[in-house]
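# Descriptive structure summary
Spelled out from the first residue to the last, the chains are:
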Amino acid sequence: MRLPDPLQGQDGSNAKLDSLFINNANISGGNYVGTFCGRAKHAEFSKCAVDNSTLNGATYVGGLAGSIRNSAAFISRTKNITITATGEWAGLFVGCNDTTDRSTLSINNCYAKGKITCAKHGGGFVGESISQGLYDLSNLARLYPEVLFVAIEYREGYMGFMNFEKVPGGEEYKEATNLGLLDQMEALRWIQKNIAGFGGDPENVTIFGESAGSASCSFLPLIDGSEGLFKRIIAQSANVAYCDTMEHGMHVTQNFLDAAGCETMDDLRKLTTEQLLEAIGKGVATDTKNMLGAANFPLLDGVILPEDRAVMYDMWGDEKRARYDLLIGSNRDEVNYFMALEGGREPYLETLRYIARKDRTFLNDEEKAMFDQFMDTLAEEDEMERLQQYGADLNFRAGNTNMAIRHSAAGGNTYMYYVEKPGVNELYGVMHGAEMPYLFDNDFCHMGEVFSPQECEFRHQIKEMWVNFAKTGDPSSAAHEWKQFSGDDRQTMVFSDEIGMQKDILNRREDLMMSWAKRLGNGASKRVC
């Protein structure tokens, strides 16, 4: 594929995006992966919208709409846009937003030669978009013009992860279980084919993400066909625990069918855009027992991912996965992120109690003894602290450590981190995503509260270390040597009042729950299935 001339070094100032490159895309199986690239300054988003357009029978939804969840605002600016019932769309955005105002786009410092870093946003696989202010890559791009930053969108929620196996006509949609992951694969294939035209090196690609983006980075190396698409992985917080059973997938799918008033795939295909968006809203509201609303996580389908979560941990200890460089870690108070989502301290505490009680019912006698022993390690803490630390270890640290031990033992280049400070405030502590404002130098808005990065050493070190890892596979900075992780002493870079390496942090308490952590997985959907 020949890239258009404006991408070969011409300035392109004030050029419209649709005059640069919006349509030379890979179309397969009815899916259109849109690409928006160039060096345009203040180009209008609406100018790259495609009205009433189809390509080879595949519906195309253009523009920088983000995920399906965010499409309502975008649709209001366009005409005759159709989104198919299975949400056959994903966008690939090459560049960096200079503003959170979606009416303008400025792509700067992205026509750089050298390493490529691909960012995947979080949002629990049900919300958020790379176009949101928190994930703005422009500050990093300005600091490190030698690195080409690429932001990847993917389908989420009902549009990304559905189990249609028991729906009449659903046998033709086996890959609907993990379309969000396949979108990311397609974007990475596009990068391999085309990134050299932007000055990038396709043989030195790092994928990185936080939350669902981190889990995606953990899943992608396990999917057939991912070989050669990337070289390094930065997984911030989430891991392969972030998936669900096909049983849970059917529960989520039935909620959507009920909300849409549909019984068959033919019924779904007849939905208008407005009916589809209405059904999504109703379906999410129905699942009030989930901390993440619809809780559409990648599914253990035996097609894209294995049928058993434990198998994925084993795969991280084999020769294929050892070829990747891995940097992985988590924050001290991860699950406090959900406090506001649950309605405040008391309902949040009740949720933590429920999940811990239910978890314990799944354990054998030996594991129940280890559960009690884990709680004893936190005996001096209050109930809230004990339970939220249990949730942080179960959902994040145990899985991360399990992956890292296996990857290192197989000969992989492995690094671990742990963030103790700075936190967002006294109530939330170092919650899920607390490191993001420091990495991107952007504000973090959570349930109406805005958290801004404070001036500290961490703010500078996390950028330098992440970029150094992407460049060389070694995250050491000029100020701090970062030693490799192994199961023997578990060297971990700890970000706190002081930054430095520590061995066997928290006395390896996560080992007490390792057996059931890999079996039970994430805690967000446990109250349903």
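What you see is a predicted model; the values in this text were computed from it and never measured. (Residues numbered from 1 in each chain as written. Predicted model: local features only at pLDDT ≥ 70, side-chain atom pairs only at ≥ 80, totals over all residues. Heavy atoms only, no water.)

### Some points on helix H6 (residues 246-260)
The end-to-end C-alpha separation of H6 is 21 Å, in line with the 21 Å expected for 15 residues at 1.5 Å each. Counting buried residues along H6, eleven of its 15 residues qualify, which places the element largely inside the surrounding structure. Among the residues of H6, those classed as buried are Met246, His248, Gly249, Met250, Val252, Thr253, Asn255, Phe256, Leu257, Ala259 and Ala260. Residues of H6 that are buried in the fold lie against helix H3 (157-160), helix H7 (265-269) and helix H8 (273-286). (Helix = DSSP H or I, 4+ residues; strand = E, 2+ residues; numbered from the N terminus. Expected span 1.5 Å × (residues − 1). Buried < 20%, exposed > 50% of the residue type's maximum accessible area, 1.4 Å probe, protein only. Contact = heavy atoms within 4.5 Å.)

### Notes on the packing of helix H13 (residues 365-376) against helix H14 (residues 383-409)
The N-to-C vectors of H13 and H14 enclose an angle of 120 degrees; their axes lie 10 Å apart at closest approach. Taken as axis vectors, H13 and H14 run oblique relative to one another. In this structure, the crossing between H13 and H14 has a hand that is right-handed. Between H13 and H14, the contacting residues are Phe371, Phe374 and Met375 on the first element and Arg386, Leu387, Gln389, Tyr390 and Asp393 on the second. Within the contact of H13 with H14, the residues separate by chemical class into five nonpolar, one polar and two charged. (Axes fitted to C-alpha atoms, helices over the stretch in contact; angles between N-to-C directions. Parallel < 35°, antiparallel > 145°, perpendicular 65-115°, else oblique. Left-handed = near helix turned anticlockwise from the far one by under 90°. Nonpolar A, V, L, I, M, F, W, Y, C, P; charged D, E, K, R; others polar.)

### Here's the deal with the nonpolar core
By size, the foremost hydrophobic cluster in this structure holds 113 residues, and its most contacted members are Trp466 and Phe495. In terms of residues, this core owes the most to one element, H14, which gives eight residues. Every residue in contact with Phe495, bar those within four places of it in the chain, is listed here: Tyr417, Tyr418, Val419, Glu420, Lys421, Phe458, Met465, Trp466 and Trp482. (Core = buried A, V, L, I, M, F, W, Y, C linked by side-chain atoms within 4.5 Å.)

### Section: the side chain of Ser226
Tracing the sequence through the fold places Ser226 in the loop between helix H5 (212-219) and strand E11 (232-236). We classify Ser226 as buried; its relative accessible area is 0%. In contact with Ser226, other than residues within four places in its own chain, are Met185, Leu220, Pro221 and Tyr324.

### Digging into the environment of Tyr324
If you trace the backbone, Tyr324 turns up in the loop between helix H10 (319-322) and strand E12 (325-331). Excluding residues that lie within four positions of it along the chain, Tyr324 makes contacts with Pro221, Ser226, Glu227, Phe230, Lys231, Ile233, His407 and Asn413.

### Digging into the pattern of salt bridges
Within this structure, the stated rule accounts for 27 salt bridges. When salt bridges that share partners are traced, they join Asp393, Arg397, Arg490, Arg509, Glu510 and Asp511 into one network. (Salt bridge = Lys/Arg side-chain N within 4 Å of Asp/Glu carboxyl O.)

### Describing the confidence of the model for the protein chain
Close reading of the predicted structure is inappropriate where its pLDDT is low. Of all residues in the protein chain, 75% have pLDDT values of 70 or greater, and the mean over the chain is 78. In this model, residues 1-113 is a region of pLDDT below 50 whose contacts with residues beyond four sequence positions or in other chains number 273 contacts. The model gives residues 524-529 a pLDDT under 50, and that stretch makes 29 contacts with residues more than four places away or in other chains. (pLDDT = per-residue confidence, 0-100.)

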